[in-house]
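For reference, the chains in residue letters:
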Amino acid sequence: MSPTAVDVCVVGGGPAGLALGLELARQGVEVAVVEQSGHFNRSFRGESVSPDAVLVLDRLGVLDKIKAEGALTTTRMEITEDGRTVLDTAFADFEYEHRFPLELPQPTLLGVMDNVASGFDNFSMLRKSTVVGLLEADGAVTGVRIKDPGGERELAAKIVIGADGRYSKVLEMSGLAHERVPLDRDVVWLKLPLPPEWDTETYRVRIKGDRHGLFIPTYPDMVRVGFNIPKGGLRELRKQGIGALHEKIDELAPELSTLVREKVTGYSDTSMLDIFTSVVPRWSRDGLLVIGDAAHTLSPVLGQGVNHALIDAVTLAPMLTAALEEADHRTALAAAAVEFQRIREPEVKRSRGLQLRQERMFTFGSRAGVFLRSSLYRAMNRSAFLKQRVLADAYFRLQKREKAA
Ligand SMILES: Cc1cc2nc3c(=O)[nH]c(=O)nc-3n(C[C@H](O)[C@H](O)[C@H](O)COP(=O)(O)OP(=O)(O)OC[C@H]3O[C@@H](n4cnc5c(N)ncnc54)[C@H](O)[C@@H]3O)c2cc1C
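All values reported here derive from a predicted model rather than from experimental measurement.

Rules used in this analysis
- Residues numbered from 1 in each chain as written.
- Predicted model: local features only at pLDDT ≥ 70, side-chain atom pairs only at ≥ 80, totals over all residues.
- Heavy atoms only, no water.
- Core = buried A, V, L, I, M, F, W, Y, C linked by side-chain atoms within 4.5 Å.
- Buried < 20%, exposed > 50% of the residue type's maximum accessible area, 1.4 Å probe, protein only.
- Helix = DSSP H or I, 4+ residues; strand = E, 2+ residues; numbered from the N terminus.
- Contact = heavy atoms within 4.5 Å.
- Pairing = 2+ DSSP bridges.
- Expected span 1.5 Å × (residues − 1).
- Axes fitted to C-alpha atoms, helices over the stretch in contact; angles between N-to-C directions.

Visitor: What should I look at first to understand the nonpolar core in this one?
Guide: In a soluble, globular protein the nonpolar side chains are often hidden away together inside. Counting residues in hydrophobic clusters, the biggest one holds 80 residues, and the most contacted among them are Val-8, Leu-20, Met-113 and Ile-161. It is helix 10 (residues 305-324) that provides the largest number of residues to this core, a total of 11 residues. Setting aside its immediate chain neighbours within four residues, Val-8 contacts Leu-24, Val-29, Glu-30, Val-31, Ala-32, Ala-157, Ile-159, Ile-161, Leu-320 and Leu-324. Judged by nonpolar contacts, the second largest core, of 28 residues, contains Ile-79, Leu-87, Leu-273 and Leu-391.

Visitor: Please clarify how the sheet that holds strand 3 (residues 48-49) should be interpreted in this entry.
Guide: Within a beta sheet, neighbouring strands are joined by backbone hydrogen bonds and run either parallel or antiparallel to one another. Here 3 strands make up an open sheet; going across it, the order is 3-7-4 and the pairing antiparallel. The sheet terminates laterally at strand 3 and strand 4 (72-73), the two strands that pair on one side only. Examined bridge by bridge, strand 4 and strand 7 (residues 102-103) share 2 bridges and lie antiparallel to one another. Counted as the bridge partner of Thr-73 is Leu-102 from strand 7.

Visitor: Help me understand helix 10 in this model?
Guide: Two residues of an α-helix separated by three or four positions point the same way, owing to the 3.6 residues in each turn. Between its terminal C-alpha atoms helix 10 stretches 28 Å, which fits the 28 Å expected from 20 residues at 1.5 Å a residue. Buried residues dominate helix 10, accounting for 16 of its 20 residues.

Visitor: What exactly am I supposed to notice about the sheet that holds strand 17 (residues 271-273) here?
Guide: Read from one edge to the other, the open sheet built from 7 strands follows the order 6-5-14-15-16-13-17, with strand pairing classed as mixed. The open sheet has two free edges, formed respectively by strand 6 (84-90) and strand 17, since each of these has just one partner strand. Ignoring strand direction, the axes of neighbouring strands in this sheet form an average angle of 20 degrees. Relative to strand 15 (residues 211-218), strand 14 (residues 202-208) runs antiparallel, the two being bridged by 5 bridges. In the sheet register, Arg-206 faces strand 15, and the bridge partner there is Gly-213. The sheet strands contacting helix 13 (residues 384-395) are strand 5 (76-81), strand 6 and strand 14, and the helix crosses strand 6 at an angle near 70 degrees.

Listed below in structure tokens is the structure:
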């Protein structure tokens, strides 16, 4: 039986929503996760999980189960510019408890979290259920209206958490101000079998002038290619036919020339990611809070989206649990939501800043720009100190902070 009232209604069963649902369930809170999809199979989405996110998964008690279902460990990151290696990093050199990123399919990540959470009686997962409206009373959000195969119904909650991703309907319905800031590039994603000369443990970034591609080993034996094009450039590329994409891939990764022609015979074999970041000045109002991509969509550079979604969830869960124990839980929940944003926003902003600087460097096409970019990477490659400083900011912020505490 689906509940009609819960303490916390989480809209969206992605990494943020399910991690929050699991953690709240563990803390004894009555929680429902409302997910529009009937399955977790979202190809191309969030397969790179940073070392900090691996730590969070470990603390959530799901890491071993995820690894048992199948994941790849990344040990190196290699950046080449016009065929020459300018940065080569071994993750083993970073002395943290969890130092290696993982490549894991989102169905595994989400399926395992759902499975563990479903072991708690106080957790409900409502699938094929789309939130289509917010319930409101006295200026506060008091629940959601859900459309499912049985029709429409209401679910009351003390707080609604919008964890419904980059095109958040909850954010849109909440009346909270928000703005999408487009970045200079879009990304065309495709998947190919891993070529025999590549191992499964290395992230490859290949740059040539103002073009770059990400080549990420993907479980079990594939490579995920993220090929950058100018903003809105897909239509132009499509007009030139699929051969134009093949030739662009040839320039960056000749190892893939045969495979890309065999496996990508039309643009329907690719997937487009419109890259933008979102700016949401206030993440909450009375009875409602947005988290994960709904609050702070990031770019795909350095695999930060899942990381921040999971850290949001485990930061928020104990704050909500404590607020729900207060006699005046409405006031306590509102204060917890504001405090949550105060803690998390600077962290997200730092990642966004790092991503924007990196994105901007990728767009340098002039000789001077290319020289500057290569010199920066080479300087970092020579200096263990610089490598630790810059990459620790991207991959180990949580572990660095905890180590320093
Ligand atoms: C092509 C692509 C590649 C990416 N690659 C990476 C990567 O390698 N590493 C990385 O860290 N990040 C990556 N990201 C970003 C990453 O996927 C997101 O940052 C992360 O999934 C955010 O988690 P979330 O839970 O906030 O939102 P989402 O994962 O988007 O989950 C939102 C959920 O809400 C559900 N939903 C939406 N609306 C409703 C509604 N009205 N009612 C009910 N349910 C609803 C959706 O079905 C979805 O399940 C990628 C994103 C894309 C698009």
